[in-house]
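These are the residues of each chain, in order.
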Amino acid sequence: MAIVTFSSPLMHKDKAVYAIAGDTRTALALAEEHRIPIPFECRDGNCGSCLIEVRYDAPDRKKAIMLTDKEKMTLTELGKLTAQEIEDAEVRDMPPRYRLACQFIARDEDVTITFTGNPGGA
Ligand code: FES
């Protein structure tokens, strides 16, 4: 089970929620379920509104990083993902700093997700 902690200036305090092992809901779906106001528009990896910053609470526990093609393209267009970061993620399991909440799925690693509340502003 993963603990996903959401943090934003829009929230009175951080909120930690549990993602059950095998849960394939995205961070955006998890946020909506818990009334956490991550901005979004397309829900499909195209608009970049749901930009989030993800910090792994135990960065030494490496997990394969799954970036969808849409996420790679949109983050690159936003200037939030470099070719080096894509390679680091795909070859070395080093997570990039920024993700899209509608594409990111927390599996069994604990993460802290921050967002400003401005669409695309992380
Ligand atoms: Fe559009 Fe996530 S809501 S990229």
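Preceding block: the structure.
All values reported here derive from a predicted model rather than from experimental measurement.

1. A closer look at the layout of surface pockets
Taken as a whole, the largest pocket holds about 180 Å³ of empty space. Lining the largest pocket we find Tyr56, Ala64, Ile65, Met66, Leu67, Thr68, Arg99, Gln103, Phe104, Ile105, Arg107 and Glu109. Residues that form the lining of the largest pocket fall into these classes: 7 nonpolar, 2 polar and 3 charged.

2. Thoughts on the pairing of strand β5 (residues 111–114)
Pairing of strand β1 (residues 2–7) with β5, which is carried by 4 bridges, proceeds in the parallel orientation. Paired with Val4 across the strands is Val111, a residue of β5. Inspection of the sheet shows strand β3 (residues 51–56) paired to β5 by 4 bridges, in the antiparallel sense. Bridge pairing in β5 places Glu53 opposite Thr114.

3. Regarding a nonpolar patch on the surface
Where nonpolar side chains cluster on the molecular surface, the patch consists of Met1, Ile3 and Tyr18 and spans about 330 Å² of accessible area. One can find Met1 in the segment before β1.

4. Looking at helix α3 (residues 83–92)
Every buried residue of α3 is accounted for by Ile86, Asp88 and Ala89. Seen along its axis, α3 keeps its buried residues to an arc of 165°; they face one direction. Along α3, the residues that are exposed and aim more than 90 degrees away from the buried face are Ala83 and Val91. Looking one or two residues beyond α3, the residue adopting positive phi is Asp93, at roughly 55°.

5. Some words on the packing of aromatic side chains
For the coordinates displayed, the defined rule picks out 0 aromatic pairs. A cation sits over an aromatic face here: Lys80 above Tyr98, 4.7 Å from the ring centre.

6. Section: the nonpolar core
Formed by 33 residues in total, the largest nonpolar core has its most connected members in Val4, Phe6, Ile38, Ile52, Phe104, Val111 and Ile113. Only β1, β2 (15–19), α1 (27–33), β3, α3, β4 (98–100) and β5 provide two or more residues apiece to this core.

7. Let's talk about the pattern of salt bridges
Inspection of every chain in the model, using the stated rule, returns 10 salt bridges. For Asp44, the salt bridge identified is with Lys70, shortest N-O distance 2.7 Å. Within this pair, whereas Asp44 is found in the loop between α1 and β3, its partner Lys70 is found in helix α2 (residues 69–77), the two being separated by 26 residues in sequence. By relative accessible area, which is 32% here, Lys70 ends up partly exposed.

Thresholds, definitions, all that
Residues numbered from 1 in each chain as written. Predicted model: local features only at pLDDT ≥ 70, side-chain atom pairs only at ≥ 80, totals over all residues. Heavy atoms only, no water. 1 Å grid on protein atoms, 1.4 Å probe; cavity = no way out; pocket = protein on both sides within 12 Å on 5 of 7 lines; lining within 4 Å. Points joined across faces, edges and corners; volume = space filled by probe spheres on them. Nonpolar A, V, L, I, M, F, W, Y, C, P; charged D, E, K, R; others polar. Pairing = 2+ DSSP bridges. Helix = DSSP H or I, 4+ residues; strand = E, 2+ residues; numbered from the N terminus. Patch = residues over 30% accessible without salt bridge, like charges linked within 9 Å, V, L, I, M, F, W, Y side chains within 5 Å. Areas by Shrake-Rupley, 256 points an atom, 1.4 Å probe, with all protein chains shown as cover. Salt bridge = Lys/Arg side-chain N within 4 Å of Asp/Glu carboxyl O. Buried < 20%, exposed > 50% of the residue type's maximum accessible area, 1.4 Å probe, protein only. Arc of directions from axis to C-beta. Phe/Tyr/Trp six-rings, centres within 6.5 Å; stacked < 30°, edge-to-face > 60°. Lys NZ or Arg CZ within 6 Å of the ring centre and 35° of its normal. Core = buried A, V, L, I, M, F, W, Y, C linked by side-chain atoms within 4.5 Å.

Purely spatial values, then, with no claim about function.
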